[in-house]
Amino acid sequence: MSESEIPSESPLSEDGMRVAKSLVLVNTGHGKGKSTAAFGTALRALALGWPVAVVQFLKSGDWRVGEESMLRKLGVDWFAEGDGFTWDSENLDESAALAGAAWEKAKSLIDHGAHRLIILDEISYALTWKWVDTDDVVSVIQHRPELVNIILTGRDMAPEVIDIADTVTEMRQIKHAFEQKIVAKKGIDY
Ligand code: ATP
Ligand code: MG
C-alpha cells in the first residue's frame, strides 16, 4: 500500500473531521440487504487493491454460490465450513462447532492483519446463541491491527458489538417477496 494512502494520525481539522485508519461496520435488521451490502463494500475494497477475506458463520448450502464464486474470482479469500476451517463435532452441536471454528478462523485473520477488509457474515446468530463469546469478539475487534476494517452482518446483532461499531445500519423490512409466497430468486437472492 502506498504511503500516501494512509494519512498520518492528524490533529482535528478546522471543521473537526478526522481520518480513521479503519472502521467497524454492522449491517443488521430484519430486512434484506445485510450481506449484499457487505459484499458491495468488498468491491470497493478490491478496487483499491486491498486484500479481502470473508468468513461465513452459517452453513451456506446451495445458496450464496453467486457471490462466493465471483468474489473468489476477484481474489477474495473465502472461508466457509469444510473449506477454510473444519471442526471436531464429537462433543458439540454441529452449529455450535461450526460457529466456534469460524470464529477461530476470523480471530486469526484479524490478528494477522494481512487483510484490509474482513467480513464476518451472519456472525450475529453465533453471538445470540452463545456459540461464540461476545466479549472475546469485542476485545479482538478493539485490539485489531489498525488498518483492518471489519463488517459484521446478521439479524439482532449483540448490543455490545453495536456499541463498539463506527457505522451501524438496520435494514428494515417494508415488504419481502417471500411474504407473497415467492421463492428465493437466483441472481437476486443468492
Ligand atoms: P442478502 O443476502 O440478500 O443481502 P440478508 O443478508 O439481509 O440478505 P439474511 O437473513 O442473511 O438476509 O438472508 C439471506 C437470504 O434470505 C437472502 O436470499 C434474502 O433474500 C433472504 N431474505 C432476507 N430477508 C428476508 C426476509 N425478511 N424474508 C424472507 N427472506 C429473506
Ligand atoms: Mg445475510
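Residues numbered from 1 in each chain as written. Chains lettered and ligands numbered in written order. Predicted model: local features only at pLDDT ≥ 70, side-chain atom pairs only at ≥ 80, totals over all residues. Heavy atoms only, no water.

1. What about the overall build of the protein?
Convention followed: By the criteria applied, helices consist of DSSP H or I runs no shorter than four residues and strands consist of E runs no shorter than two, each listed in order from the N terminus. Partly exposed residues are those whose accessible area sits between 20% and 50% of the maximum for their type, while under 20% is buried and over 50% is exposed, using a 1.4 Å probe and protein chains only. By the convention used here, residues are in contact when the closest approach between their heavy atoms is within 4.5 Å. Here, Shrake-Rupley sampling with a 1.4 Å probe gives the accessible areas, and only protein chains in the shown set may cover a residue.
On a plain count of helices and strands, the protein comes out with 6 helices and 7 strands. Along the protein, from the amino end to the carboxyl end, the secondary structure elements read β-α-β-α-β-β-α-β-α-α-β-α-β. Looking at the protein as a whole, 40% of its 190 residues are labelled buried. Considering only contacts within the protein whose residues lie at least 6 apart along the sequence, 76% involve residues at least 24 apart. Put simply, the protein shows about 11,100 Å² of open surface, and 53% of that area lies on carbon and sulfur atoms.

2. So, the packing of helix α3 (residues 94-112) against helix α5 (residues 134-142)
What counts, and what does not: Under this scheme, a helix contributes an axis fitted over its contacting stretch, all axes are lines through C-alpha atoms, and angles between N-to-C directions fall in the 0 to 180 degree range. Here the word oblique covers every angle except those under 35 degrees (roughly parallel), over 145 (roughly antiparallel) and from 65 to 115 (roughly perpendicular). Crossing handedness is read from the near helix: turned anticlockwise from the far helix by less than a right angle, it gives a left-handed crossing, and turned clockwise, a right-handed one. As a working rule, the residues Ala, Val, Leu, Ile, Met, Phe, Trp, Tyr, Cys and Pro are called nonpolar, Asp, Glu, Lys and Arg charged, and the rest polar, with Gly in that last group.
At their nearest, the axes of α3 and α5 sit 10 Å apart, and the two run at 15 degrees to each other. Taken together, the axis directions place α3 and α5 in an arrangement best described as roughly parallel. Regarding α3 and α5, the two cross each other, and that crossing is left-handed. Along the contact surface, α3 presents Trp103, Lys107, Ile110 and Asp111, while α5 presents Asp136, Val137 and Val140. Of the residues assigned to the contact of α3 with α5, the class counts are 4 nonpolar, no polar and 3 charged.

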